[in-house]
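Reading the structure
Next come the chains, spelled out residue by residue.
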Amino acid sequence: MPKRWYCTGLESTGRTIRQEAETPAGFMDILNRSIVTWIDYITDDPVKDLPVVAAQLGFSEGLINNLSLCDQLNYSDFDNEMWFTYPAIQIRGSDVKPYSMVVLIRKGLVFTFHVRLVDKRFLRLRRYSETILRKIPLDIKPEDKLTILLSRILEANNDSNFRHLRIIEEFGDTLNRDLMDRDVDKSTLGPKIYLMKHALIIYLNALWESVDVLQAIRFGDAELLTDDPKLVNLFTAMVEQVK
């Protein structure tokens, strides 16, 4: 089983450091030594854990209180810190579930918070995180570094979301065969068609939520993120991908 906490940072020398743990007690040294850091947390109880772990990492009371409005909001910017939620789509059979990945950002830090039930996408991201950090240029602005790291995390999550569409496609292919088969009991087709449509609607709603958040990042003019057109275009490309 993976450790609940994971932290990796890029030092000004280009060296990367990482640590897995059950508490973030040892992460402060990594944060102090790094020019950009990613911390990941796996939760079994998001409602209970989110305010606690956000406070442990030094996010403000105002931001933590604002997180309680997650059901109504998916993006909020406080100038020197910000948060948003982003769908991590999980499909098992015909059951489509868009879990919320919560992302908190402050100077030099991207923190991701997600439930354990989501597939292994974040474990893969942990495995390659040092490679991602080493590819960030050392001589660019802090907000540019933060933006590149954020874009890589969202891109990896999108790729996993897109791969899950294949499961729906396979379900649809099976349904098409049943529709063409004269020997299939026609009374079973109605529920199958409903399940197919319902799965697609949930999946598409999650993708549109992704677009909303990417557009907010792209046009929100957040102080923490870049205004470099080339880097902003990373999110433009992701919007087009999702569409």
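These numbers come from a predicted model, not from an experiment. (Residues numbered from 1 in each chain as written. Predicted model: local features only at pLDDT ≥ 70, side-chain atom pairs only at ≥ 80, totals over all residues. Heavy atoms only, no water.)

With respect to the environment of Arg 121
When you line up the elements, Arg 121 lands in helix 4 (residues 121-134). Along the chain, Arg 121 and Asn 205 lie 84 residues apart, while their C-alpha atoms are 21 Å from each other. There is a polar contact of 2.7 Å between the side chain of Arg 121 and the backbone oxygen of Ile 89. At 2.9 Å, the side chain of Arg 121 forms a polar contact with the side chain of Asn 157. (Helix = DSSP H or I, 4+ residues; strand = E, 2+ residues; numbered from the N terminus. Polar contact = N/O pair within 3.5 Å; in protein donor to acceptor, adjacent residues only side chain to side chain.)

Let's talk about a negative patch on the surface
Where like charges cluster on the molecular surface, the negative patch consists of Asp 79, Asp 221, Glu 223 and Asp 227. Following the sequence through the fold, Glu 223 ends up in the loop between helix 6 (189-219) and helix 7 (229-242). (Patch = residues over 30% accessible without salt bridge, like charges linked within 9 Å, V, L, I, M, F, W, Y side chains within 5 Å. Areas by Shrake-Rupley, 256 points an atom, 1.4 Å probe, with all protein chains shown as cover. Salt bridge = Lys/Arg side-chain N within 4 Å of Asp/Glu carboxyl O. Lys, Arg positive; Asp, Glu negative; His and termini not counted. Charge placed at Lys NZ, Arg CZ, Asp CG, Glu CD.)

Observations concerning the packing of helix 5 (residues 142-180) against helix 6
Packed helices, taken two at a time, are described by the angle their axes make and the gap between the axes. It is at 11 Å that the axes of helix 5 and helix 6 come closest, and there the two elements cross at 160°. In terms of orientation, helix 5 lies roughly antiparallel with respect to helix 6. Regarding helix 5 and helix 6, the two cross each other, and that crossing is left-handed. Along its contact with helix 5, which presents Leu 150, Leu 154, Asn 158, Asn 161, Phe 162, Leu 165, Ile 168, Phe 171, Gly 172, Leu 175, Asp 178 and Leu 179, the element helix 6 presents Leu 189, Lys 192, Ile 193, Leu 195, Met 196, Ala 199, Leu 200, Tyr 203, Leu 207, Leu 214 and Ile 217. Its residues assigned to classes, the contact of helix 5 with helix 6 comprises 18 nonpolar, three polar and two charged. (Axes fitted to C-alpha atoms, helices over the stretch in contact; angles between N-to-C directions. Parallel < 35°, antiparallel > 145°, perpendicular 65-115°, else oblique. Left-handed = near helix turned anticlockwise from the far one by under 90°. Contact = heavy atoms within 4.5 Å. Nonpolar A, V, L, I, M, F, W, Y, C, P; charged D, E, K, R; others polar.)

A short note on the pairing of strand 1 (residues 5-11)
Within strand 1, seven of the seven residues are buried, leaving the element largely enclosed by the surrounding structure. Every second residue of strand 1 is oriented toward a common face, with Trp 5, Cys 7, Gly 9 and Glu 11 on one face and Tyr 6, Thr 8 and Leu 10 on the other, all of them buried. Summarising the sheet, strand 1 and strand 2 (residues 16-21) pair through six bridges and their orientation is antiparallel. For Leu 10, the partnering residue across the bridge sits in strand 2 and is Thr 16. In this antiparallel pair of consecutive strands, strand 1 and strand 2, the connection spans four residues, and Gly 14 shows a positive phi of 95°. In this sheet, strand 3 (residues 34-43) lies alongside strand 1 in antiparallel orientation, the contact comprising seven bridges. By the bridge assignment for strand 3, Glu 11 is matched with Ser 34. (Buried < 20%, exposed > 50% of the residue type's maximum accessible area, 1.4 Å probe, protein only. Pairing = 2+ DSSP bridges.)

Any functional reading would require information beyond the geometric quantities listed.
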